[in-house]
Amino acid sequence: MSTSNKTLPAKDKQRAAELREQLNYHNYRYYVLDDPEIPDAEYDRMLRELQGLEEHYPELRSADSPTQRVGGEALSAFAEVQHEVPMLSLGNVFSEEELVDFDRRCREGLDVDEIEYLAEPKLDGLAISLLYEDGVLVRGATRGDGATGEDVTHNVKTIGAIPLRLTGKGIPKRLEVRGEIYMPKKGFEELNQRQRDNHAKVFANPRNAAAGSLRQLDSSITATRPLSMYCYGVGVVEGARLAKTHQATLEQLRSWGLRVSNEPAVVKGVKACEAYYEQLLARRDALDYEIDGIVYKVNRHDQQQALGFVSRAPRWAIARKFPAQEEMTRVLAIDIQVGRTGALTPVARLEPVAVGGVIVTNATLHNEDEIRRKDVRVGDTVIVRRAGDVIPEVVSSIKSKRKKGARQFKVPTKCPECGSEVVRVEGEAVARCSGGLFCPAQRKESIKHFASRRAMDIDGLGDKLVEQLVDAGMIHDVADLYSLRVEQLAAMERMGEKSATNLVAALEKSKSTTLPRFIFALGIREVGEATALNLATHFGSLEKIIKATEAQLEEVTDVGPVVAKNIVAFDHQAHNREVIDKLIRAGVHWADIKTRLLGEQPLAGKSIVLTGSLTEPRNAIKDKLQALGAKVSSSVSKKTACVIAGADAGSKLARAQDLGIPVLDEAALKKLLAGDISLLG
Ligand code: IVH
């Protein structure tokens, strides 16, 4: 094996053994116990040291060396592996009645009244056989047809959750461990994102991704894939006795450093089986790996033996399947839905199909890129997936079932709701309607936003009322709010004379506003309060903002190309201009701002916190402070420039005092607003 002619010093040999042992231990802490002791960088340092030693003295390389986990040369094909003990499959049941039948068969077969089962999650990955000889992993094999599998040793060695050497007491001379290799949900999402970024194959689900990753001829690819494993059984055992129950066997495996799930539980009788099923089903989506059901196994090995097998499945175990999360159906049409921010989402209208326990008729196709990538067309047979409360999605289209003449889908260039131009900003996946206030699909949300406290602050105009008014055709845009009359409003559901009168008064009051509030109220994409304020102080008047070019807009603090594009697109829609004119005609007004250079804003960059009850409304004070360049924040930190405290101020005042931050009363606030910053310390 050694090609080296260097003699191996004893101290290096010892150091290599030490490093191997430590690395294997830390690997176990990290992957099996999920409880690392040392930082990743320290692990990497030790690994590099061992790699260095092995490069120098190749005879140091051993099968259980952690350096073997990084993957090596590609194979040209997988070798076959004959399973010494066949790898069986499981019978399935889909209902409680079927489970009752299974339990009855077991009880009758054993002639007992009640059976103790071990209930385990049925992991949705692929079965693996790991052979350990004298505690060292010597072979990993897939299940294949149950009799013959593929040798994937080079790949399983790259999986951190699989120990290269067993630890602990009473390790059998030969031990074949069986379990499931899977890809955690998070790792799956990240892998697919990486694949998309690299224009590589995207996997349909974590199981496919796990199988594809394990069956790589080049193990250095497998090494980059986030695979993990849980052990759930044994095959060959030589040179040691196994425990009397399945549960105790799993604990034995755990004690040898193998990864065993914490979910399995002993349950007696069908009722307890069902209770276990229900509780795991309820947690299905919260688990970080996919499961497709529960496996019930007769716990006692002697009882397992007595029951034996039928064809290729044990009589002593059964899988109780969860409702499937993926089904096949046909796409009847593809519609475009316009969301509240104007985002266009292609939605597939489907031939109704039961998925995950509910009937699904619509599924999202996400966006233009996704639809193109999956190439879903009207008439296609597709796989629909519905996991938990997530919106059902089309996973893939089955191309072999496609009818001739099916045409590729194209996202429209005009909004299907209002005919406005559809814009897709470079680098963004989502295409949007630029109709803003005018688009009916966006109208309700934009009106709610317009009325909100930090925008036009229309007291008494709640979300429900906005929806009712739009549905009743009483308002079409935000400007229509100002022509609502008391008697019209009083006739609405849950409204009376008094609340209608109050609302009209609030509408009247809201007409007197500020330029930053008005800009914010328009609901231009990505123009939040801070940007609205920057725009107002930079340009001074609405007219100037509307006339500004993208380049001029980009001169404003915090306005980048995306925001500038959004503003220009908004201004270019004639109906947006109409709504603004209508608002002004209705009496909405504000004082233009005398523009000053940012450097002249006396409170620029200062963070100020308001607390306690102040005589002037908070929002009014906030507007004034912001106009002077201050940032009004809600929590006190070391960076806070001052705290304005009214009556009955509590914890924020106390914190300011603790931190030695200046505290101002309302008289001092007046001075501050007049530009006197000497009070800030
Ligand atoms: S036991 C003799 N336990 O399900 C029993 N299998 O449908 C053989 N699986 O090929 C398997 N989780 O890939 C067992 N907790 C679990 C399992 C499990 C998932 C898979 C395994 C097997 C398939 C059979």
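What you see is a predicted model; the values in this text were computed from it and never measured.

*Asks:* Explain the sheet that holds strand E10 (residues 291-298) to me, please; I cannot follow it from the model alone.
*Replies:* Adjacent strands of a sheet pair through backbone hydrogen bonds, lying either parallel or antiparallel. Reading across from one edge, E2-E13-E10-E3-E9 is the order of the five strands in this open sheet, with mixed pairing throughout. Two strands lie at the open edges of the sheet, namely strand E2 (91-93) and strand E9 (265-268), each paired on one side alone. For this sheet, the mean inter-axis angle between neighbouring strands, taken without regard to orientation, is 35°. Bridge analysis of E2 against strand E13 (residues 317-321) gives three bridges, and the strand direction is parallel. Opposite Asn92, over in E13, you have Ala319 as the bridge partner. Contacts between helix H3 (residues 96-110) and the sheet are confined to E2, strand E3 (116-123), E10 and E13, with E13 contributing the most and set at about 175° to the helix. Running at roughly 50° to E3, helix H8 (residues 246-255) makes contact with E3, E9 and E10 of the sheet.

*Asks:* Sorry if this is basic, but what is going on with the environment of Gly612 here?
*Replies:* Relative to the helices and strands, Gly612 is located in the loop between strand E21 (607-611) and helix H22 (618-627). Separated by 26 residues in the primary sequence, Gly612 and Lys638 have C-alpha atoms spaced 20 Å apart. Not counting residues up to four positions away in its chain, the partners in contact with Gly612 are Arg618, Gly646, Ala647, Asp648 and Ala649.

*Asks:* What's the story with the packing of aromatic side chains in this structure? I'm lost.
*Replies:* The tally for this structure, following the rule as stated, stands at eight aromatic pairs. Measuring from ring centre to ring centre gives 5.5 Å for Tyr230 and Tyr289, while their planes differ by 70°; the resulting arrangement is edge-to-face. Of this pair, Tyr230 sits in strand E8 (residues 228-238) while Tyr289 sits in the loop between helix H9 (269-283) and E10, and the two are 59 residues apart along the sequence. Both residues of the pair, Tyr230 and Tyr289, count as buried. On the basis of an interplanar angle of 80° and a centroid distance of 6.5 Å, the ring pair of Phe450 and Tyr482 is categorised as edge-to-face. Taken together, the residues Phe450 in helix H12 (residues 440-451) and Tyr482 in the loop between helix H13 (463-471) and helix H14 (486-490) connect sequence positions 32 residues apart. This pair shows no difference in class: Phe450 is buried, exactly as Tyr482 is. The residue whose ring lies beneath Arg259 is Tyr230, and the NZ or CZ to ring-centre distance is 4.2 Å. Residue placement shows Arg320 over the ring face of Tyr277; its charged tip is 3.9 Å from the ring centre.

*Asks:* Before we go on, may I ask you to explain the nonpolar core in this structure?
*Replies:* Generally speaking, nonpolar side chains in soluble globular proteins are found buried as a group. Of all hydrophobic cores here, the largest spans 54 residues; its most connected members are Ile458, Leu481, Leu535 and Leu553. Discounting residues that sit within four places of it in the chain, Leu553 has contacts with Leu535, Phe539, Ile545, Ala548, Val559, Ala564, Ile567 and Val568. One finds Met229, Cys231, Leu250 and Val260 within the second-largest nonpolar core, a separate group that totals 32 residues.

*Asks:* Would you explain the site of the ligand in this entry?
*Replies:* Neighbouring residues of the ligand: 14 residues in total, closest Glu120, Leu123, Glu180, Tyr232 and Lys297. At 3.0 Å from a nitrogen atom of the ligand is found a main-chain nitrogen or oxygen belonging to Leu123. Contact with the protein chains covers 86% of the free accessible surface of the ligand, which is 520 Å². Mapped by element, the contributors of at least two residues to the shell around the ligand are E3 and E10. Its residues assigned to classes, the shell around the ligand shows nine nonpolar, no polar and five charged.

*Asks:* What am I meant to see in the packing of H22 against helix H24 (residues 666-673) here?
*Replies:* Two quantities define a packed helix pair, namely the angle between the axes and the distance from one axis to the other. Here H22 crosses H24 at 35°, and the two axes come no closer than 10 Å. Note on element contacts: H24 touches H22 through Leu669, Leu672 and Leu673, opposite Ile621, Lys624 and Leu625. Looking at side-chain class alone, the contact of H22 with H24 contains five nonpolar, no polar and one charged residues.

The rules we used
- Residues numbered from 1 in each chain as written.
- Predicted model: local features only at pLDDT ≥ 70, side-chain atom pairs only at ≥ 80, totals over all residues.
- Heavy atoms only, no water.
- Pairing = 2+ DSSP bridges.
- Helix = DSSP H or I, 4+ residues; strand = E, 2+ residues; numbered from the N terminus.
- Axes fitted to C-alpha atoms, helices over the stretch in contact; angles between N-to-C directions.
- Contact = heavy atoms within 4.5 Å.
- Phe/Tyr/Trp six-rings, centres within 6.5 Å; stacked < 30°, edge-to-face > 60°.
- Buried < 20%, exposed > 50% of the residue type's maximum accessible area, 1.4 Å probe, protein only.
- Lys NZ or Arg CZ within 6 Å of the ring centre and 35° of its normal.
- Core = buried A, V, L, I, M, F, W, Y, C linked by side-chain atoms within 4.5 Å.
- Near = heavy atom within 4 Å.
- Polar contact = N/O pair within 3.5 Å; in protein donor to acceptor, adjacent residues only side chain to side chain.
- Areas by Shrake-Rupley, 256 points an atom, 1.4 Å probe, with all protein chains shown as cover.
- Nonpolar A, V, L, I, M, F, W, Y, C, P; charged D, E, K, R; others polar.

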